[in-house]
Amino acid sequence: MGGEAPPPATTTTTVSKRPYWRWSKHDFFPEPSFDSTNSYRAALANTGPRLKDRLLSRSTDEHELKELPIASENSMRRCLTAWDLTWLAFGSVVGSGIFVITGQEARLTSGPAVVLSYAISGFSALLSVLCYTEFAVDVPVAGGSFSFLRIELGDFVAFIAAGNILLEAVVGAAGLGRSWSSYFASMINNDPNFLRIEVDSFAPGFNLLDPLAVFVLFVANGIAMSGTRKTSILTWLSSIVTTLVIAFIIVVGFMHAKTANLVPFFPFGVKGVFSSAAVVYWSYTGFDMVATMAEETKNPARDIPIGLIGSMSMITVIYCLMALALVMMQNYTQIDKDAAYSVAFTSIGMNWAKYLVSVCALKGMTTSLLVGSMGQARYMTQIARSHMIPPFFALVHPKTGTPMNATLVITIVSSVFALFTSLDVLSSVFSISTLFIFLLMAVALLVRRYYDRKSTSKGDLMKVVSCILVIMVASAVGTALWSTDRFGWIGYTVAAGVWFLATLVMSFLPKQKSPKVWGVPLVPWLPALSILTNLFLMGSLGSEAFLRFLICSSVMLVYYVLVGVHATYDVEHQNSQESKIVERMEAANEGVL
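Parameters and conventions
- Every chain is numbered independently, its residues counted from 1 as its sequence is written.
- With the structure being a predicted model, the display of local features is reserved for residues of pLDDT at least 70 and the display and counting of side-chain atom pairs for 80 or more, all residues being used for whole-chain, interface and lining totals.
- Processing note: side-chain calculations cover all non-hydrogen atoms of the structure and skip hydrogens and water entirely.
- UniProt positions are given in the numbering used here, feature names are shortened, and annotations may be inferred rather than shown by experiment.
- Helix and strand definitions follow DSSP, with helices as H or I runs of at least four residues and strands as E runs of at least two, each counted in order from the N terminus.
- Each radius of gyration reported is based on C-alpha atoms, and the globular scaling rule is 2.2 Å times the count of residues to the power 0.38.
- Between buried and exposed lies partly exposed: a residue is buried under 20% and exposed over 50% of the maximum accessible area for its type, with that area taken using a 1.4 Å probe on protein chains only.
- Should any heavy atoms of two residues lie within 4.5 Å, those residues are considered in contact.
- Two residue types count as positive, namely Lys and Arg, and two as negative, namely Asp and Glu; His and chain ends fall outside the count.
- For the purpose of locating charges, the reference atoms are NZ of Lys, CZ of Arg, CG of Asp and CD of Glu.
- Think of each axis as a best-fit line through the C-alpha atoms, taken over the contacting stretch in the case of a helix, with angles from 0 to 180 degrees between the N-to-C directions.
- If you view the pair so one helix is near and one far, a crossing is left-handed when the near helix is turned anticlockwise from the far one by less than a right angle, and right-handed when it is turned clockwise.
- Throughout, the ten residues Ala, Val, Leu, Ile, Met, Phe, Trp, Tyr, Cys and Pro are labelled nonpolar, Asp, Glu, Lys and Arg are labelled charged, and all others, Gly among them, are labelled polar.
- Two kinds of site are reported from a 1 Å grid over the protein atoms alone, namely cavities, where a 1.4 Å probe fits but cannot get out, and pockets, open sets with protein on both sides within 12 Å along at least five of seven lines, and residues are called lining when an atom falls within 4 Å of a point.
- Grid points are joined across faces, edges and corners, and a volume is the space filled by probe spheres set on the points.
- Buried Ala, Val, Leu, Ile, Met, Phe, Trp, Tyr and Cys residues form a nonpolar core when they are joined through side-chain atoms within 4.5 Å.
- Each reported salt bridge corresponds to a side-chain nitrogen of Lys or Arg within 4 Å of a carboxyl oxygen of Asp or Glu.
- Working rule for helices: expected span equals 1.5 Å times residues minus one.
- If an angle is under 35 degrees, it is roughly parallel; if it is over 145, roughly antiparallel; if it lies from 65 to 115, roughly perpendicular; otherwise it is oblique.
- Distance thresholds for patches are 9 Å for like charges and 5 Å for nonpolar side chains (Val, Leu, Ile, Met, Phe, Trp, Tyr), applied to residues having over 30% relative accessible area and no salt bridge.
- Surface accessibility in these figures is a Shrake-Rupley result with a 1.4 Å probe; residues are shielded only by whichever protein chains are displayed.
- Between N or O atoms, a polar contact is any pair within 3.5 Å; within protein, one atom must be a potential hydrogen donor and the other a potential acceptor, and residues adjacent in sequence are included only when both atoms are from side chains.
- Aromatic contacts are taken between Phe, Tyr and Trp rings whose centres are within 6.5 Å, Trp giving its six-membered ring; a plane angle under 30 degrees counts as stacked, one over 60 as edge-to-face, and the others as tilted.

The chain appears in an unreviewed UniProt entry as Cationic amino acid transporter C-terminal domain-containing protein from Crotalaria pallida. The Sequence similarities (unreviewed entry) field of the UniProt record for the chain holds the comment "Belongs to the amino acid-polyamine-organocation (APC) superfamily. Cationic amino acid transporter (CAT) (TC 2.A.3.3) family." What UniProt states about the chain under its Subcellular location (unreviewed entry) heading is, verbatim, "Membrane".

Trainee: How should the overall build of the chain be read in this particular structure?
Mentor: What the chain contains, in helices and strands, is 22 helices and two strands. The C-alpha radius of gyration computed for the chain amounts to 24 Å, which stays within 12% of the reference 25 Å derived for 593 residues, consistent with globular compactness. C-alpha extents for the chain along the principal axes are approximately 90 × 60 × 50 Å. Counting only residues that meet the buried cut, the chain has 58% of its 593 residues in that class. For the chain, restricting intrachain contacts to residue pairs at least 6 apart in sequence, the fraction spanning at least 24 positions comes to 86%. Put simply, the chain has 41 plus and 38 minus side-chain charges, and the middle of one group is 1 Å from the middle of the other.

Trainee: What am I meant to see in unusual backbone geometry here?
Mentor: Outside of glycine, negative phi angles account for most residues, and trans bonds account for most peptide bonds. The omega torsion of the bond from Val263 to Pro264 falls at -5 degrees, within 30 degrees of zero and hence cis. The residue after Val523, namely Pro524, is reached through a cis peptide bond having omega 15 degrees. At His387, a position not held by glycine, the phi torsion is positive, near 75 degrees. Turning to its location among the elements, His387 is positioned in the loop between α16 (351-385) and α17 (404-420). The exposure class assigned to His387 is buried, which follows from its relative accessible area of 15%.

Trainee: Please explain the packing of helix α5 (residues 82-93) against α16 as it appears in this structure.
Mentor: Between two packed helices, both the angle of their axes relative to each other and the distance between the axes serve to describe the pair. Two numbers describe how α5 lies on α16: the axes approach to 6 Å, and their chain directions differ by 115 degrees. The two elements α5 and α16 cross, and the hand of that crossing is left-handed. Contacts between α5 and α16 involve Leu88, Gly91, Ser92 and Val93 on the former and, on the latter, Gly364, Thr367, Ser368, Val371 and Met374. Residues of the contact of α5 with α16, tallied by class, amount to four nonpolar, five polar and no charged.

Trainee: Could you clarify how one ought to interpret the layout of surface pockets in this entry?
Mentor: In this approach a probe as big as a water molecule rolls over the atoms, and the regions it shows empty are the leftover space. Of the pockets and cavities examined, the largest pocket occupies roughly 600 Å³. Around the largest pocket, the lining comprises 20 residues; the ones closest to its centre are Arg58, Leu153, Val157, Val443 and Val447. Elements supplying a minimum of two residues to the lining of the largest pocket: α9 (155-189), α18 (423-450) and α19 (458-484). The element best represented in the lining of the largest pocket is α19, accounting for six residues. The class makeup of the residues in the lining of the largest pocket is 17 nonpolar, no polar and three charged.

Trainee: Help me out: how do you make sense of the nonpolar core in this one?
Mentor: Here is a general trend for soluble globular proteins: nonpolar side chains tend to be buried in one another's company. With 166 residues, the main nonpolar core has Phe99 and Tyr341 as its most contacted residues. The biggest single contributor to this core is α9, with 16 residues. Contact partners of Phe99, with chain neighbours within four places excluded, come to Tyr183, Ile249, Met322, Ala340, Tyr341, Cys360, Ala361 and Met365.

Trainee: Help me out: how do you make sense of the pattern of salt bridges in this one?
Mentor: Two side chains of opposite charge can pair, provided their charged atoms sit close to one another. Across all of its chains, the model carries 17 salt bridges by this definition. Linking Asp570 and Arg50 is a salt bridge whose minimum nitrogen-to-oxygen distance equals 3.7 Å. With Asp570 in helix α22 (residues 543-592) and Arg50 in helix α3 (residues 47-56), the pair connects residues that are 520 residues apart, well separated along the chain. Here the two residues Asp570 and Arg50 agree in accessibility, since each one is buried. The closest approach of N and O atoms between Asp53 and Arg54, which form a salt bridge, is 2.8 Å.

Trainee: Please clarify how helix α10 (residues 211-225) should be interpreted in this entry.
Mentor: Structural remark: α-helix, 3.6 residues per turn; residues separated by three or four positions point the same way. End to end, α10 covers 21 Å across 15 residues, agreeing with the expected 21 Å (1.5 Å per residue, within 8%). In this structure, the buried residues of α10 make contact with α9, α11 (228-255), α16 and α17. Within two residues after α10, Gly227 carries a phi angle of roughly 155 degrees, on the positive side.

Trainee: Would you take a moment to explain the packing of helix α8 (residues 145-152) against α9 for this structure?
Mentor: Two numbers describe how α8 lies on α9: the axes approach to 7 Å, and their chain directions differ by 165 degrees. Considered as vectors, α8 and α9 are oriented roughly antiparallel to each other. The two elements α8 and α9 cross, and the hand of that crossing is right-handed. Contact with α8, carried on its side by Ser145, Phe146, Leu149 and Arg150, involves Asp155, Ala158, Ala161, Ala162 and Ile165 of α9 and no other residues of that element. Each residue belonging to the contact of α8 with α9 can be placed in one class, and the counts come to six nonpolar, one polar and two charged.

Trainee: Can you walk me through a nonpolar patch on the surface in this structure?
Mentor: Together, Phe218, Ile412, Val413, Val416 and Phe417 make up an exposed nonpolar region whose accessible area comes to about 410 Å². Looking at which element gives the most residues to the nonpolar patch, the answer is α17, with four residues. Relative to the elements of secondary structure, Phe218 occurs in helix α10. Residue classification places Phe218 among the partly exposed positions, given a relative accessible area of 42%.

Trainee: Would you explain the environment of Leu408 in this entry?
Mentor: Here Leu408 is to be found in helix α17. Overall, Leu408 belongs to the partly exposed group, its relative accessible area being 31%. As for Leu408 and Phe218, which are separated by 190 residues in sequence, their C-alpha atoms are 8.8 Å apart.

Trainee: Before we go on, may I ask you to explain the side chain of Asp61 in this structure?
Mentor: Of note, Asp61 is situated in helix α4 (residues 61-67). Within the structure, Asp61 has its side chain in polar contact with the side chain of Arg448 (distance 2.8 Å). In contact with Asp61, not counting residues within four places along its chain, are Val139, Ile151, Arg448 and Lys516.

Trainee: Can you help me understand the side chain of Thr479 in this one?
Mentor: Note that Thr479 resides in helix α19. Sequence-distant contacts of Thr479, defined by excluding residues within four places in its chain, comprise Leu535, Phe536 and Gly539.

Trainee: Before we go on, may I ask you to explain the environment of Ser275 in this structure?
Mentor: Position of Ser275 relative to the elements: it lies in helix α12 (residues 269-280). Take Ser275: its relative accessible area is 23%, and that puts it in the partly exposed class. Along the backbone, Ser275 and Lys52 are 223 residues apart, and their C-alpha atoms lie at a distance of 38 Å. The contact partners of Ser275, leaving out residues within four places of it in the chain, are Glu105, Thr109 and Ser540.

Trainee: Sorry if this is basic, but what is going on with the packing of aromatic side chains here?
Mentor: A ring pair, where both rings are aromatic, is described by two values, the distance of the centres and the angle of the planes. What the rule picks out here adds up to 28 aromatic pairs. Relative to Phe392, the ring of Trp23 lies with its centre 5.3 Å away and its plane at 40 degrees, an arrangement referred to as tilted. Within this pair, whereas Trp23 is found in the segment before α1 (25-28), its partner Phe392 is found in the loop between α16 and α17, the two being separated by 369 residues in sequence. The class for Trp23 is exposed, based on a relative accessible area of 58%.

This is the structure we're talking about:
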């Protein structure tokens, strides 16, 4: 796993002479397929061959690192260190989840065993962090998982992931905005809906309008647009304060703890623990946003592993201690599902402490919004660089060095969600989308280690594909058996045995690639385990979450067939033609010489 660090990504350093704020059709759809109605009709008529081309297409490390950033016209600035990344990860992860979702799940789904839910989710998150870290060190670009999947699994899979990444960004920001509003309202009137406007004619879950959440989103995104370094400094300063307040919550919580409140420990059964684990996974998300900051990191090979793995290990321990302190302070039946920690301190007579807790929660949500704003916009920037969405959103502002267009559109769309949609609806959609992306990342890592387009034979490729498919099917079957209570322990044992054998067989296959600098240990076991845990947590979610996920994915597919496949096809083949012309010119020059 050793080696020298790859050189920093080569991005364009020439400041564009074109104005940043421009709105022509060419800025949104510069591809030949969209030149006229006739050209678009011709493109649609060739959708089949083009879709096949995109399914088989793969990007490369060099393409993501050196060619795509040119579309941004101006460079992002390398200004972040391991210290910055550690606190950016802490600030992005420690937000609404621990302060809001903990109470909701302890009260309704898992009881005191919510502590185990956090441990399970933390373990699964750490597996995903390892996969992200290896990719981010090797390919330090703004695209994060989108770029990594595009390299290993191709354009089509990357687009599905991209759609879910953007859905995650929008839903996550909206959820944070709603949580911020709930805590602020609870400080004023002990009613989380105090500042919301109820509209009886709207469906439940969408009938409480939240203008304060919209305001908070615009303020946070405005700060994020002002500059990466400024936002980073603000984040780590405020995160240090949060750490001190969290220490206070844990210490005081255990001082007023009652072991009697832990009985019964499993009031909703073991299934309640795993159902909660799937939802509280929201509390761990955000580290993937930090992976998108790799393009702005001074020394990715050193700083990213320290920042991501170190911070997530610390956060897992903190979350388990905070959850344990809450369920020991109050019986789970008395926990307030909207402002759990504030109400818990009030119940032990520390009325003043509830304001400290609420301020800490608000601060945590604010920093999560700040880091989320940066990460979401950088995801969108790299997706736009590939032309899967209009390249207008790839532009980086010459003065701030931030992708303002991408940030603005994320702000507007997330504000619409935050205005109408309740937190429970948002959390289920967010969790399944996030787990799906992390599942794909584990698959991509296995492909990266065991498959090389230049040297792997078809026979070896089929062995790799077969092992991965069996690992996924065994994980899915085991999850289905668990959810339906069919065949009992015999079914689980058979599914686990098949998963183990497939992983064991894969461990004997020859690895085609080694990580350039830092690599995930125990491959293929840890990535295979990540596939299992992510599928298991997905299976623990309700049917409504899958229905919403399928509806959103269907909309994404319609857009891809009508727009994305043609734009990326044009760009890919235009670049190929230009490369051939350059090669011919070089050959001709050599002949003359």
